Amino acid sequence: MAHALEIAQLGAPVIRKEAVKVTDIQNPELQAFIDDLLVTVADEGGMGIAAPQVSVSKRIIILSPKPNTRYPYAPLMEPTIMINPELTWASTEKEKDWEGCLTVPGIRGLVSRHQTIRIRYQDRNGLLLETEYHGFLARVFQHEVDHLDGLVFLDRAESTKDLVTEKEWKRIMASHNQA
Ligand code: NI
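Residue positions are counted from 1 within each chain, in the order its sequence is given. Where local features are concerned, this predicted model is filtered to residues with pLDDT of at least 70; where side-chain atom pairs are given and counted, the filter is 80 or more; whole-chain, interface and lining totals use all residues. Side-chain descriptors were evaluated using all non-hydrogen atoms of the structure, hydrogens and water having been removed beforehand.

## Some thoughts on the nonpolar core
Moving on, step 1. In terms of nonpolar packing, the biggest core is built from 20 residues, with Ile 61, Leu 63, Met 82, Ile 119, Tyr 133 and Phe 141 touching the most fellow members.
Moving on, step 2. At the level of secondary structure, the elements contributing two or more residues to this core comprise strand S2 (60-63), strand S6 (116-122) and helix H2 (136-148).
Moving on, step 3. Secondary structure is summarised from DSSP: a helix means a run of H or I of at least four residues, a strand means a run of E of at least two, and numbering begins at the N terminus for each. Ranked by the residues each element gives to this core, the list is headed by H2, at seven residues.
Moving on, step 4. If near-sequence neighbours (up to four positions away) are discounted, Ile 61 is found in contact with Ile 49, Ala 50, Thr 80, Ile 81, Met 82, Pro 85, Phe 141, Glu 144, Val 145 and Leu 148.
Moving on, step 5. We define a nonpolar core as any set of buried Ala, Val, Leu, Ile, Met, Phe, Trp, Tyr and Cys residues linked to one another through side-chain atoms lying within 4.5 Å. Whether a residue is buried, partly exposed or exposed follows from its accessible area with a 1.4 Å probe, protein chains only, as a fraction of its type maximum: under 20%, in between, or over 50%, in that order. Ranked by size, the runner-up nonpolar core spans 15 residues in total, among them Val 22, Ile 25, Ala 51 and Ile 62. Two residues qualify as a contact provided that any one of their heavy atoms is within 4.5 Å of a heavy atom in the partner residue.

In structure tokens, the structure reads:
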């Protein structure tokens, strides 16, 4: 039975390691791990997750955006498993917006990301797929792929002054919604 895995938090060495390419997609153990990762991201209510976040240093991410209280503007998408994901093109236009991370609880930050990207990945059957993302999905993809390179969103902040606690972030959001 698939089960939720423990989230590695900032400070765990695995979060700072470069993850290795997956070459044995059909391996039953790998397929079972993907099922566990799907359960974990659903359980945690994350917009996405990367394998290193559950202490598995392999190039696998899941995008699973859905609107919730933190991200009311998130699109609803079936959880999408991406193996060996890569950027093949990125717009020069960037966009700054809030991010958070299961690995960095209690902190949120304003992070600049490419607005539009083209990407390539393999699905869980090993099929090579290409697509283009814009806005929120492009942001989630870039955030998750950073985890595969040992980076977290804190590293992408232009200034530490763009980092806030979750409590203060809620206050900022509430005041924006009133304006
Ligand atoms: Ni993250």
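## Some thoughts on the coordination of the nickel ion
Moving on, step 1. Water is not among the atoms examined, so metal sites may look incomplete; donors are the N, O and S atoms within 2.8 Å of the metal, or within 3.2 Å for Na, K and Ca. Donor atoms from the polypeptide that bind the nickel ion are Cys 101 (SG), His 143 (NE2) and His 147 (NE2), placed at 2.1 to 2.2 Å.
Moving on, step 2. In primary sequence terms, the donor set of the nickel ion follows C-x41-H-x3-H. Placement of Cys 101 in the loop between strand S4 (94-99) and strand S5 (107-114) and of His 147 in helix H2 is noted, with a sequence separation of 46 residues between them.
Moving on, step 3. The class for His 147 is buried, based on a relative accessible area of 2%.

## So, the sheet that holds strand S8 (residues 163-165)
Moving on, step 1. Strand order in the open sheet formed by three strands is S4-S5-S8, and the pairing between neighbours is antiparallel. With partners counted over all chains shown, the strands left at the sheet margins are S4 and S8, one partner each. Averaged over neighbouring strand pairs, the angle between their axes works out to 25° when direction is ignored.
Moving on, step 2. When DSSP locates at least two bridges between a pair of strands, those strands are taken to pair. In this structure, S4 lies alongside S5, joined through six bridges in antiparallel fashion. Within the sheet, the bridge partner assigned to Lys 96 lies in S5 and is Ser 112.
Moving on, step 3. Those strands touched by H2 are S4 and S5, and its axis lies near 105° from that of S5. Between N-to-C directions, angles span 0 to 180 degrees; the directions come from axes that are lines fitted to C-alpha atoms, helices contributing only their stretch in contact.

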